[in-house]
Amino acid sequence: MKTTEQVLPPNTINSEEMDSSKPKSKTLNPVIILLFVLLAAVIMTYFIDSGQFERNGKLIIPGTYQVIEKEMSVLNLVGIYPEESQAKAVSLLDALVSIPKAIDKRAGMIFMVLFIGGMFGVLNRVGAIETGLERMLSVTKGNVYVLVPCLMIVFSMGSTFMGMAKEYLLVIPMVIAMASRMGMSNIIGLAIVAVPVKVGYLASITNPYALSIAQPLVGVPVFSGMGMRVFVYIVLMIIGIAYVLRSIQKEAKTQSLSCDWDSTPLSLRHKLILLSLALGVGFLVYASQTWHWKYNELSAYYLALGVLFAILGGLSANDTVNAFVDGMKKVLIAGVLIALATSVALVLAQGQVLDTIVYNLANLVGNNNPTFAAFGMFFSQLLIDVVIPSTSGQAAVTMPILAPLGQLAGVDPHTTVLAFLMGNGATNIITPTSSGLLIFLATARVGWGEWARYIFPFFLMIIASAMVFLTISLAVYA
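Let us look at the structure shown here. Throughout this description, residue numbers start from 1 for each chain and increase along the sequence as written. Per-residue local features of the predicted model are confined to residues with pLDDT of at least 70, and side-chain atom pairs are confined, for both listing and counting, to 80 or more; whole-chain, interface and lining totals are unaffected and use all residues. Neither water nor hydrogens contribute to the side-chain values; these are computed over all heavy atoms in the structure.

**Considerations on the overall build of the chain**
Of regular secondary structure, the chain possesses 20 helices and six strands. Expressed as a percentage of contacts within the chain between residues at least 6 apart in sequence, the contacts between residues at least 24 apart total 79%. In these tables, accessible area is a Shrake-Rupley quantity obtained with a 1.4 Å probe, and a residue counts as shielded only by the protein chains included in the view. Summed over its atoms, the accessible surface of the chain is roughly 20,700 Å², and 66% of this surface lies on carbon and sulfur atoms. A run of H or I in DSSP counts as a helix once it spans at least four residues, and a run of E counts as a strand once it spans at least two, with each numbered from the N terminus. For this analysis, residues touch if any pair of their heavy atoms sits within 4.5 Å.

**Some thoughts on a nonpolar patch on the surface**
In this scheme, patches are assembled from residues that exceed 30% relative accessible area and form no salt bridge. Like charges are connected within 9 Å, while nonpolar side chains (Val, Leu, Ile, Met, Phe, Trp, Tyr) are connected within 5 Å. We count a salt bridge whenever a side-chain nitrogen from Lys or Arg sits within 4 Å of a carboxyl oxygen from Asp or Glu. Where nonpolar side chains cluster on the molecular surface, the patch consists of I32, F36, L39, I43, F47, V74, L75, L77, V78, I80 and L92 and spans about 1,100 Å² of accessible area. With five residues, the top contributor of residues to the nonpolar patch is helix α2 (residues 30-47). Position of I32 relative to the elements: it lies in helix α2.

**Describing the nonpolar core**
Formed by 148 residues in total, the largest nonpolar core has its most connected members in L190, I192, Y302, M422 and W451. The biggest single contributor to this core is helix α20 (residues 448-476), with 13 residues. In this structure, M422 is in contact with L202, V232, L236, F378, I462, A466 and F469, ignoring residues within four places of it in sequence. What makes a nonpolar core is a set of buried Ala, Val, Leu, Ile, Met, Phe, Trp, Tyr and Cys residues whose side-chain atoms join them at distances within 4.5 Å. Exposed residues in this analysis have more than 50% of their type's maximum accessible area, buried residues have under 20%, and partly exposed residues fall in between, with area computed by a 1.4 Å probe over protein chains only.

**Regarding the side chain of T160**
Here T160 shows up in helix α6 (residues 144-162). Of the polar contacts made by the side chain of T160, one reaches the backbone oxygen of G200; its length is 3.1 Å. Polar side-chain contacts of T160 include one of 3.4 Å to the backbone nitrogen of S204. If we skip the residues at most four places from it in the chain, T160 touches G200, A203, S204, I205, T206, N207 and Y233. Identification of polar contacts relies on pairs of N or O atoms within 3.5 Å, with a donor-acceptor requirement for protein atoms, meaning one able to donate a hydrogen and the other able to accept it, and with residues adjacent in sequence counted only if both atoms are side-chain atoms.

**Things to note about the side chain of T206**
Relative to the helices and strands, T206 is located in the loop between α8 (186-203) and α9 (208-217). Once residues within four sequence positions are removed from consideration, T206 is found in contact with T160, F161, L211, F223 and M226.

**Section: unusual backbone geometry**
Of note in this structure, F223 is not a glycine but carries a positive phi near 75°. Topologically, F223 is positioned in the loop between α9 and α10 (226-252). Accessibility expressed as a relative area gives 33% for F223, which makes it partly exposed. At R445, a position not held by glycine, the phi torsion is positive, near 60°. Relative to the elements of secondary structure, R445 occurs in the loop between α19 (435-444) and α20.

**A word on the environment of P196**
Relative to the assigned elements, P196 resides in helix α8. Assessed through its relative accessible area of 0%, P196 is described here as buried. Along the primary structure P196 and M237 are separated by 41 residues, whereas in three dimensions their C-alpha atoms are 6.9 Å apart.

**A few points about the pattern of salt bridges**
A complete count under the given rule lists two salt bridges for this structure. Across the salt bridge formed by D355 and R55, the nearest N and O atoms sit 2.8 Å from each other. Separated by 300 residues along the polypeptide, D355 in helix α15 (residues 354-362) and R55 in strand β3 (residues 55-56) bring together distant segments of the chain. Classification of D355 by relative accessible area gives buried; the value is 7%. R55 sits in the partly exposed class, given a relative accessible area of 38%.

It is worth stressing that arrangement in space is one thing and function is another; only the former is reported here.
Below, the structure written as structure tokens:
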């Protein structure tokens, strides 16, 4: 047994037990927050003109926006509309119906999250995570200033090179357990994963989900302009790692962040389980990239991994099912959050105001000064991401509009793409309408309000950095 200079309370990775000894801060439940966002979306359909672009598939055709006739009154709230109206505001009943519609639309994603929770329920039951963390702490001697930066760099590489995001749902519970084991809060554990993943998307050195759509739409080869994005990645990773380590230091002032670790060798059973987990993650990345697995295939894969871990761990059929169901219960709220976030988009689409929002925000782009135009693109993308949090979806909607506007203002297409990446990535790290962020929060059992307070200073740093990056990009591609 080796011991660091400071000692934690008794060894445990149960975050619930650790959290119970800390004063609970009163924050709004994320479900309530999203219900307010949904209500705001309903109200927007009454005060924003309905309109639409013509489309070629999913791509907007620039210059085709038209306002659609819409008569609005208080009667619309109860579902009474004039028959001659081409568009209509969304009633309260329609808003409620949008929630089960959203559940149906996102059923694949919801079940994937539930099955991930079930799989980790099995892993916790066989004790593989706890023993694996012991070995990790033993190798790094419990030094968070070595362990945390190394983990963050590895996570960021997956997202910036391959566009990995949902794959890290497998990792979050293990990092949360590690953070709890070392006396850190759940929010620090989440930040160790979420910050580098989001930074990776902000830079998107070779991220196919962003670049394969955005760059062809502005007329440049896919993956071109990589040098600037590598520079963005390095700078933002330095800022991100410093931000997380600084937050760890703040927690260290109020409590010990060191721990005991057990250097006893792993049992053969746990070695097999951890090896299977590592191979399983590797194969998951390969399969997702090669065969383009969707949510149904991923759900089946997580279910199969759960069964494999149970067999290797020697669990009975009854214990396996109980562990799987217990794990699903812990992430059940994620399904509700995903549905509510999706229902916001459904309400805006039903009220036919989404294209109007995009059209008006695109007008932020100036047509004389390239710097003002680049900044206008960035801030418009920053706001559009609230209603279109999907990276590929936002690229398909905004790039056909912003590309010609940028060219008229003298902005190089590579800078237009950078403005898109920075705006989309910055908002995605904090917006409650992003189902990807909500899944991360639910898996880590961190409330959106708590996360927003933690990450807001970093969000402002990203905005300030983005303006510097855009200025440099304008000079590089002038």
